[in-house]
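# Examination of the molecular architecture
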Amino acid sequence: RQLSSVEMESFVDFMAAGALACAFYRFGEFNMRQPDSDAKAKDSYKLMAERAELLLEGSVREAVVSALKHAGRQGESWWSCCWGR
């Protein structure tokens, strides 16, 4: 199905929330539950936290919303702009 305008505009917020949830999990898992993890594992949460911040920047948000709207105009599902046909 096609996404509504509200869904398109808020899509990036959900992407950022997912990245932040992943960062939270990684921090807890490798810094608290497994304190003997190596430094790379302990710092792995930073990648997802940075992605969440990047997604919320204006230019990235605009690019994602633009891609979703383009897919909608082409009669494609929102999934096609992420994975192709």
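Thresholds applied
- Residues numbered from 1 in each chain as written.
- Predicted model: local features only at pLDDT ≥ 70, side-chain atom pairs only at ≥ 80, totals over all residues.
- Heavy atoms only, no water.
- Helix = DSSP H or I, 4+ residues; strand = E, 2+ residues; numbered from the N terminus.
- Contact = heavy atoms within 4.5 Å.
- Phe/Tyr/Trp six-rings, centres within 6.5 Å; stacked < 30°, edge-to-face > 60°.
- Axes fitted to C-alpha atoms, helices over the stretch in contact; angles between N-to-C directions.
- Parallel < 35°, antiparallel > 145°, perpendicular 65-115°, else oblique.
- Left-handed = near helix turned anticlockwise from the far one by under 90°.

Let us now look at the environment of A23. Within the secondary structure, A23 is located in helix α1 (residues 5-33). Taking the C-alpha atoms as reference points, A23 and A49, separated by 26 residues in sequence, lie 5.6 Å from one another. With residues up to four places along the chain from it excluded, the contact list for A23 reads Y45, M48 and A49.

This next bit is on the packing of aromatic side chains. Under the defined criterion, the tally for this structure stands at 1 aromatic pair. Measuring from centroid to centroid gives 5.1 Å for F27 and Y45, while their planes differ by 85°, and the two rings are edge-to-face. Of this pair, F27 sits in helix α1 while Y45 sits in helix α3 (residues 44-55); the two residues are 18 residues apart in sequence, bridging distant segments of the chain.

This part covers the packing of α1 against α3. Where α1 meets α3, the closest approach of the two axes is 8 Å, and the angle between their N-to-C directions is 165°. Judged by the inter-axis angle, α1 sits roughly antiparallel to α3. For the element pair α1 and α3, the recorded crossing hand is left-handed. Across the interface between the two elements, V12, M15, A16, A19, L20, C22, A23, R26, F27, F30 and N31 from α1 touch S44, Y45, L47, M48, A49, R51, A52 and L55 from α3.

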